[in-house]
Amino acid sequence: QVQLVESGGGLVQAGGSLRLSCAASGRTFSSYAMGWFRQAPGKEREFVAAISWGGGTTDYADSVKGRFTISRDNAKNTVYLQMNSLKPEDTAVYYCATNHAIATLSSGSWGQGTQVTVSS
């Protein structure tokens, strides 16, 4: 069973940056796809970004393209989400997820989430 622990959330002004981290343990990290989702108050959880097991393939929601970058360090069992040019609408709880492939992330294992709040 894999365990995922997110960190790096916080309060930032619009236009600022944050870097989220998700540390994985419990199984072979490098063999699995990783992703980030978010859930704002009163809204459903939505996809943000994903990366394949080797890092060669990435995918982003249209709302974050050009502002967010997902990366992974398999030696550290960690995936990152660099968030730049943050907007108030990026405010949400951000969750890390993992599964065998990017397409199946939403049905995989989840972390507990980290809060990101962007003030205007």
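Summary of the structure given here. None of the values given here were measured: they were computed from a predicted structure.

**Some words on the environment of F68**
With respect to the helices and strands, the residue F68 is situated in strand β7 (residues 68–73). Between the C-alpha atoms of F68 and Q82, which are 14 residues apart in sequence, the distance is 5.5 Å. Apart from the residues lying within four places of it in its own chain, the contact partners of F68 are R38, V48, Y60, L81, Q82, M83, N84, L86, D90 and Y94.

**With respect to the state of the cysteines**
By the definition in use, this model includes 1 disulfide. Note on cysteine connectivity: C22 is disulfide-linked to C96, with sulfurs 2.1 Å apart. Around the S-S axis, the bridge from C22 to C96 shows a dihedral of about -80° and counts as left-handed. Taken together, the residues span a long stretch of sequence, with C22 in strand β3 (residues 18–25) and C96 in strand β9 (residues 92–99) at a distance of 74 residues. By the burial criterion, C22 is buried, and C96 matches it.

**What about unusual backbone geometry?**
Notably, N77 is not glycine yet its phi reads approximately 55°, a positive angle. With respect to the helices, strands and loops of the structure, N77 is situated in the loop between β7 and β8 (78–83). According to the relative accessible area criterion, N77 is partly exposed, its value standing at 27%. You will see that S85, though not glycine, has its phi angle at about 50°, which is positive. For S85, the position within the fold is in the loop between β8 and β9.

**Here we look at the sheet that holds strand β1 (residues 3–7)**
Taking strand neighbours across the sheet as the criterion, the 4 strands line up as β1-β3-β8-β7 in an open arrangement whose pairing is antiparallel. Each edge of the open sheet carries a strand with a single partner, namely β1 and β7. Strand after strand, the sheet turns through a mean of 15° between neighbouring axes, direction not considered. In this structure, β7 lies alongside β8, joined through 6 bridges in antiparallel fashion. Paired with S71 across the strands is Y80, a residue of β8.

**Section: the environment of T98**
With respect to the helices and strands, the residue T98 is situated in strand β9. What makes T98 buried here is its relative accessible area of 2%. Expressed as a C-alpha distance, the spacing of T98 and Y32, which sit 66 residues apart in the sequence, is 6.5 Å. If we ignore the near neighbours within four places in the chain, the residues touching T98 are V2, L4, R27, Y32, A33, M34, L105, G108 and S109. A distance of 2.9 Å separates the side chain of T98 from the backbone oxygen of A33, its partner in a polar contact.

**Points about the packing of aromatic side chains**
Under the counting rule described, the total for this entry stands at 3 aromatic pairs. With a centroid separation of 6.4 Å and 80° between ring planes, the pair formed by Y95 and W110 is classed as edge-to-face. Here Y95, found in strand β9, pairs with W110, found in strand β10 (residues 109–110); they are 15 residues apart in sequence, far enough to count as distant. One aromatic cluster is present, formed by F37, F47, Y95 and W110 through successive ring pairs. Stacked on the ring of Y95, the Lys or Arg R45 has its end atom at 3.9 Å from the ring centre. Above the ring of W110, the side-chain terminus of R45 is found at 4.4 Å from the ring centroid.

Conventions used here
- Residues numbered from 1 in each chain as written.
- Predicted model: local features only at pLDDT ≥ 70, side-chain atom pairs only at ≥ 80, totals over all residues.
- Heavy atoms only, no water.
- Helix = DSSP H or I, 4+ residues; strand = E, 2+ residues; numbered from the N terminus.
- Contact = heavy atoms within 4.5 Å.
- Disulfide = S-S within 2.5 Å.
- Buried < 20%, exposed > 50% of the residue type's maximum accessible area, 1.4 Å probe, protein only.
- Pairing = 2+ DSSP bridges.
- Axes fitted to C-alpha atoms, helices over the stretch in contact; angles between N-to-C directions.
- Polar contact = N/O pair within 3.5 Å; in protein donor to acceptor, adjacent residues only side chain to side chain.
- Phe/Tyr/Trp six-rings, centres within 6.5 Å; stacked < 30°, edge-to-face > 60°.
- Lys NZ or Arg CZ within 6 Å of the ring centre and 35° of its normal.

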